[in-house]
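Topology and contacts: notes
The chain contents come next:
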Amino acid sequence: AVAVAVSALPVIREAARRSQCENNLRQLGVALHGYHGAHAVLPPAAVQPNYSSRWVMDVPDPKFPESTVVSHANWVMLLLPHLGEDDLAASFDMNRPISDPQNARARITEFPLMKCPVDTYHRSDNPYVCPLKDGKKIVYARGNYAINGGTGDPRDHPGTTSDPHPSSVVRERSGHMEAWWGNGVAGFNKSFTLKDFDNGLATTVALEEIRAGIAKVDSRGVWALGQIGPSVTFAHGLYGDAVQPNNRWHKADDILGCTELYNTLGRAALEAERMGCAPGSGSCRPIQATARSMHPGGVNVLMMDGATRFVVDDVDVNVWHVIHSRKAREEISLSALTRSLPPVEQGRTFPAPLSPELASALASGEIDSPRQEHPPEP
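Residues numbered from 1 in each chain as written. Predicted model: local features only at pLDDT ≥ 70, side-chain atom pairs only at ≥ 80, totals over all residues. Heavy atoms only, no water.

Now for the overall build of the protein chain. For the protein chain, the helix and strand inventory stands at nine helices and eleven strands. A separation of at least 24 residues holds for 73% of the contacts in the protein chain among residues at least 6 apart in sequence. For the protein chain, the accessible area works out to roughly 15300 Å², and carbon and sulfur atoms hold 55% of it. (Helix = DSSP H or I, 4+ residues; strand = E, 2+ residues; numbered from the N terminus. Contact = heavy atoms within 4.5 Å. Areas by Shrake-Rupley, 256 points an atom, 1.4 Å probe, with all protein chains shown as cover.)

Let's shift gears to the confidence of the model for the protein chain. Mean pLDDT for the protein chain: 79, with 71% of residues reaching 70 or above. Between residues 52-66, whose pLDDT stays under 50, and residues either more than four places distant or in other chains, the model counts 46 contacts. Contacts for the low-pLDDT stretch residues 330-354, under 50 throughout, to residues beyond four places or in other chains number 55 contacts. (pLDDT = per-residue confidence, 0-100.)

A word on the sheet that holds strand E7 (residues 232-233). Reading across from one edge, E7-E3-E6-E8-E9 is the order of the five strands in this open sheet, with mixed pairing throughout. Edge positions in the sheet fall to E7 and strand E9 (308-312), since each has one partner strand and no second. Bridge count between strand E6 (residues 205-209) and strand E8 (residues 298-303): three bridges; the pairing is antiparallel. By the bridge assignment for E8, glutamate 208 is matched with valine 301. (Pairing = 2+ DSSP bridges.)

This paragraph deals with helix H5 (residues 258-265). Among all positions of H5, only Cys258, Leu261 and Tyr262 are buried. Down the axis of H5, the sector holding all buried residues measures 100°, keeping them to one side. One or two residues past the end of H5 sits glycine 266, with phi positive at roughly 90°. (Buried < 20%, exposed > 50% of the residue type's maximum accessible area, 1.4 Å probe, protein only. Arc of directions from axis to C-beta.)

A separate point is the environment of serine 219. Examined against the element boundaries, serine 219 turns out to sit in the loop between E6 and E7. The class for serine 219 is buried, based on a relative accessible area of 0%. The spacing of serine 219 and cysteine 130 is 89 residues in sequence and 7.7 Å in space, taken between C-alpha atoms. Among the polar contacts listed, one links the side chain of serine 219 to the backbone oxygen of leucine 256, at a separation of 2.8 Å. (Polar contact = N/O pair within 3.5 Å; in protein donor to acceptor, adjacent residues only side chain to side chain.)

A few words now on the packing of aromatic side chains. For the coordinates displayed, the defined rule picks out five aromatic pairs. With a centroid separation of 5.2 Å and an interplanar angle of 65°, the aromatic rings of phenylalanine 111 and tryptophan 223 are classed as edge-to-face. Of this pair, phenylalanine 111 sits in the loop between helix H4 (104-107) and strand E1 (128-131) while tryptophan 223 sits in the loop between E6 and E7, and the two are 112 residues apart along the sequence. Assessed through its relative accessible area of 4%, phenylalanine 111 is described here as buried. Joined through ring pairs, the aromatic side chains of Phe92, Phe111 and Trp223 make up one cluster. Cation over ring: arginine 107 sits above tyrosine 140, and NZ or CZ is 5.6 Å from the ring centre. Seen from the ring of phenylalanine 192, arginine 326 lies directly overhead, with NZ or CZ sitting 4.0 Å from the centre. (Phe/Tyr/Trp six-rings, centres within 6.5 Å; stacked < 30°, edge-to-face > 60°. Lys NZ or Arg CZ within 6 Å of the ring centre and 35° of its normal.)

Moving on to the side chain of asparagine 103. With respect to the secondary-structure elements, asparagine 103 resides in the loop between helix H3 (86-90) and H4. What asparagine 103 contacts, discounting residues up to four positions off in sequence, is Ser91, Phe92, Asp93, Arg96, Pro97 and Ile98.

Within the secondary structure, histidine 236 sits in the loop between E7 and H5. Other than its neighbours up to four places away in sequence, histidine 236 contacts Gly150, Thr151, Glu208, Ala242, Val243, Gln244, Ala289, Thr290, Trp320 and His324.

Next up on the list: unusual backbone geometry. We note that asparagine 189 has phi near 60°; this positive angle belongs to a residue other than glycine. Inspection of the secondary structure puts asparagine 189 in the loop between strand E5 (177-181) and E6.

Another aspect to go through is the pattern of salt bridges. Applying the stated rule across the entire model yields eleven salt bridges. When the shortest N-O distance is used, the salt bridge between aspartate 313 and arginine 274 registers 3.6 Å. Note that aspartate 313 is positioned in the loop between E9 and helix H7 (317-322) and arginine 274 in the loop between helix H6 (267-272) and E8, a separation of 39 residues in sequence. Here the residues in one salt-bridge network are Asp218, Arg220, Asp253 and Arg292, joined through shared partners. (Salt bridge = Lys/Arg side-chain N within 4 Å of Asp/Glu carboxyl O.)

Across all of its chains, the model carries two disulfides by this definition. Sulfur-sulfur distance for the disulfide between cysteine 21 and cysteine 116 comes to 1.8 Å. Taking the torsion about the S-S bond as the criterion, the cysteine 21 to cysteine 116 disulfide, at about 90°, is right-handed. On the criterion of sequence distance, the pair formed by cysteine 21 in helix H1 (residues 2-39) and cysteine 116 in the loop between H4 and E1 is long-range, its members being 95 residues apart. No difference in accessibility class separates cysteine 21 from cysteine 116, as the two residues are buried. The disulfide partner of cysteine 258 is cysteine 277, and the gap between their sulfur atoms is 2.0 Å. (Disulfide = S-S within 2.5 Å.)

Of all hydrophobic cores here, the largest spans 64 residues; its most connected members are Phe92, Leu207 and Trp223. Broken down by secondary-structure element, the contributors of at least two residues to this core are H1, helix H2 (75-79), H3, E1, strand E2 (137-140), strand E3 (145-148), E6 and H5. It is H1 that contributes the most residues to this core, six residues altogether. (Core = buried A, V, L, I, M, F, W, Y, C linked by side-chain atoms within 4.5 Å.)

Turning to the environment of valine 217, a few remarks are in order. Note that valine 217 resides in the loop between E6 and E7. Along the sequence, valine 217 and threonine 259 sit 42 residues apart, while their C-alpha atoms lie 9.3 Å from each other. The contacts of valine 217, once residues within four sequence positions are left out, are Tyr128, Val129, Leu256, Gly257, Glu260, Leu261 and Thr264.

Spelled out as structure tokens, the structure:
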């Protein structure tokens, strides 16, 4: 009996940790709806005023080569008053970039609600440290939850036949301000209302788990930094190379600091940790990051109706895409595309169109689905 009890301890501990993560997501979900009630819109992924460039993550001023300089308040900071964290909210100067020295103390503050206890890299001795070219450094506390920016690809070019990269982002510019968003629930300088969710609140992901970076130069998992990777997921659906949660491809995420991360740990370590990223691509252009967790087999997500779900790593990629989209399911049909383009190139494969069975399962609330093979590594 003792042996049975001891063997059950890991399962019990994981259940408790998963429950804590779910509770955190639910509290954040209540705050999301509280924000909507107060402002008639959801919070943007991040506020980036006085900004204009071809890429929303690019640098508007050559004097500041790091894109973190353009980031002001992100969705977590905007939710603080609705989470009962008025003191923490007041410690930020929302009119300054998060990287400003005035915000140094606030941005290194540990925020327990943004921590999933299963993530062993979310520690005070493993903050994100962003190096500046003048030798200075910007330090940030970690976080484990991101807002759903969308799953489409942000690039404008057509790509290759097996990876067409149709642009799925919208940009609106007014003077030196540019709003930029995809098919998710929040954009940069862009907010949505609950009426914008044609896909239904019960089948649309609002927030999801992300992992804290596995080294100080790894920008993933930072609660007060409104960038793709630190607190926003993006481009991990039907297109791109970071499809599905916990993607294992060694170049999956395109994030700030990946080149430095490769130089620090090497590809083997990133693969072993299932935290791949593309060196060279994320120096100033974080454009892609998928949901990640250290729970065995999947990630927790919060739906727009306030329900939490556990989505398995090998969830059908079509289902994963559609539950991250505001729009109707019909937009993801690839039947014409798969008929007209070669199915394989550079070791990559096309996902199949959403089947009627999967559409029915999604509509009934069943997210977990039969396994779909992940594209093999090139």
